[in-house]
Every structure is written in C-alpha cells, then in structure tokens.
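# Fold and contact review
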Amino acid sequence: MAQKIYTFKFLVLVFLLLCFFSYSILAETITGHVMVIDADTLKIGKNRIRLLGIDAPETKQTCFIKNEEWECGKQATIALKKLINSNIVRCETTGKDQYKRYIAECYVINKNINQWLVQNGWAIAYRYYSKKFVDDEKIARINKLGIWQGNFIEPYLYRKKNK
C-alpha cells in the first residue's frame, strides 16, 4: 500500500513539473516599440501579438449610437494608439494561436493594455478564452463607455458574418 502512495505522489510531482516547464518554455517576454494593427492586435518587430482575453471591434466595423452609424473599430484603434503614444510596450506571452500570433497580456508604463481596452469600452471580455476581464467589461457597460454608448455586433460575430 505504501508503495502505491509513493508512486502516486511521484507521478503527481512529475506531472506538476512538466506543466511548469512546458508553461515556462511557451512563456516569453517581447518588448519594444509597437505598430498597432487594430485594437486587439499589435506588432513588435517581426512578432504579431494578439491581446489575451479581449475582443475588439474590427477596423472596418461600425456601431450605432441612437441609430447613427459610427466607426467604432477605427475609434478603438485610435484609442489604443493614444494610450501607447510611442512608449515601449512589454508583452508577456502565453503561447501562440492558430495564426501563429503570440497571445499576450501587454503593458505600457505598467498599465495593462488588455484591461484598459475593456474598462474603457474599446473591447469586450473574450469569455471563450478567458474570464479575466469580465468585471472590467461591467464597468464599461455601466458607464456607457466606448462601444457601450450604443449598439454593436460582438466582434467575433462580426468576423463570422463578414468572412
């Protein structure tokens, strides 16, 4: 019986070590000046980075405020460019997506860019991949910030519809 307990403990330890090392191999920090592709995709050098846990309107996507159409996708991108404002950005990656983009949480002057975009209504919490920014989305929705000023199609549905 004691032998089985030791074997089980050993296997659990091996599993935990493998999880830790596989995560640390995938995790990487990418730092530098950024080119903003859209409100949830950046480029640092040759590295394309998709912001983790958020989904922002596509650049060509429009939204409505009191039945008036406005370019919410462009406005979200402009808001991100203003936030970054030529500063160095640091991205903590967690791996890559199906398009070989890094998935990351990024920071400018120690401000979490992903969280800022959601809190200010320029992106929604991408619940399919993470629940981390759900409370931040509530803040934006309650205060009618960004896309929450009016009506919009969720970005992932917009992409699906406009393939």
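Residues numbered from 1 in each chain as written. Predicted model: local features only at pLDDT ≥ 70, side-chain atom pairs only at ≥ 80, totals over all residues. Heavy atoms only, no water.

### Focus: the overall build of the protein chain
- Helix and strand content of the protein chain: five helices and 11 strands.
- Within the protein chain, the proportion of its 163 residues that are buried is 40%.
- Sequence separation of at least 24 residues holds for 56% of the intrachain contacts in the protein chain that already meet a minimum separation of 6.
- Accessible surface, the protein chain: about 10600 Å² in total, of which carbon and sulfur atoms supply 58%. (Helix = DSSP H or I, 4+ residues; strand = E, 2+ residues; numbered from the N terminus. Buried < 20%, exposed > 50% of the residue type's maximum accessible area, 1.4 Å probe, protein only. Contact = heavy atoms within 4.5 Å. Areas by Shrake-Rupley, 256 points an atom, 1.4 Å probe, with all protein chains shown as cover.)

### Some details on the pattern of salt bridges
- Throughout the structure, instances matching the rule amount to 11 salt bridges.
- Among the ionic pairs, Glu71 bridges to Lys74, the shortest N-O distance being 3.5 Å.
- Close ionic contact of Lys132 with Glu105 constitutes a salt bridge, the shortest N to O distance being 2.7 Å. Highlighted residues: Lys132 in the loop between β11 (124–125) and α4 (134–142) and Glu105 in strand β9 (residues 102–108), separated in sequence by 27 residues.
- Owing to a relative accessible area of 49%, Lys132 belongs among the partly exposed residues under this scheme.
- Glu105 gets classed as buried once you look at its relative accessible area, which sits at 11%.
- Through salt bridges with shared partners, a single network forms among Asp40, Arg50, Asp55, Glu58 and Arg159. (Salt bridge = Lys/Arg side-chain N within 4 Å of Asp/Glu carboxyl O.)

### Some remarks on the side chain of Asn112
- Along the chain, Asn112 falls in strand β10 (residues 111–112).
- At 2.9 Å, the side chain of Asn112 forms a polar contact with the backbone nitrogen of Gln115.
- The residues touching Asn112, leaving out its near neighbours within four places in the chain, are Glu105, Cys106, Tyr107 and Phe133. (Polar contact = N/O pair within 3.5 Å; in protein donor to acceptor, adjacent residues only side chain to side chain.)

### A few points about the environment of Lys60
- Within the secondary structure, Lys60 sits in the loop between β5 (54–55) and β6 (63–65).
- Here the alpha-carbon distance between Lys60 and Lys74, two residues 14 residues apart in the chain, equals 6.9 Å.

### So, the confidence of the model for the protein chain
- Summary statistics for the protein chain give a mean pLDDT of 89 and a share of 84% for residues scoring 70 or more.
- Here residues 10–14 is a poorly scored stretch, pLDDT under 50, and it has zero contacts once near neighbours within four places are set aside; other chains count.
- This model gives residues 16–25 a pLDDT under 50, and the stretch forms two contacts once residues within four places in sequence are excluded. (pLDDT = per-residue confidence, 0-100.)

### Thoughts on the side chain of Arg101
- Within the secondary structure layout, Arg101 lies in the loop between β8 (89–96) and β9.
- Take Arg101: its relative accessible area is 16%, and that puts it in the buried class.
- Side-chain polar atoms of Arg101 contact the side chain of Asp97, separated by 2.7 Å.
- When residues no more than four places from it in sequence are discounted, the contact partners of Arg101 are Thr41, Arg48, Arg50, Gly95 and Lys96.

### Re unusual backbone geometry
- Notably, Asn85 is not glycine yet its phi reads approximately 45°, a positive angle.
- Relative to the helices and strands, Asn85 is located in the loop between α2 (72–84) and β8.
- Residue class for Asn85 comes out exposed when judged on its relative accessible area of 52%.
- One non-glycine residue, Ser86, lies in the positive phi region at around 65°.
- For Ser86, the location among the structural elements is in the loop between α2 and β8.

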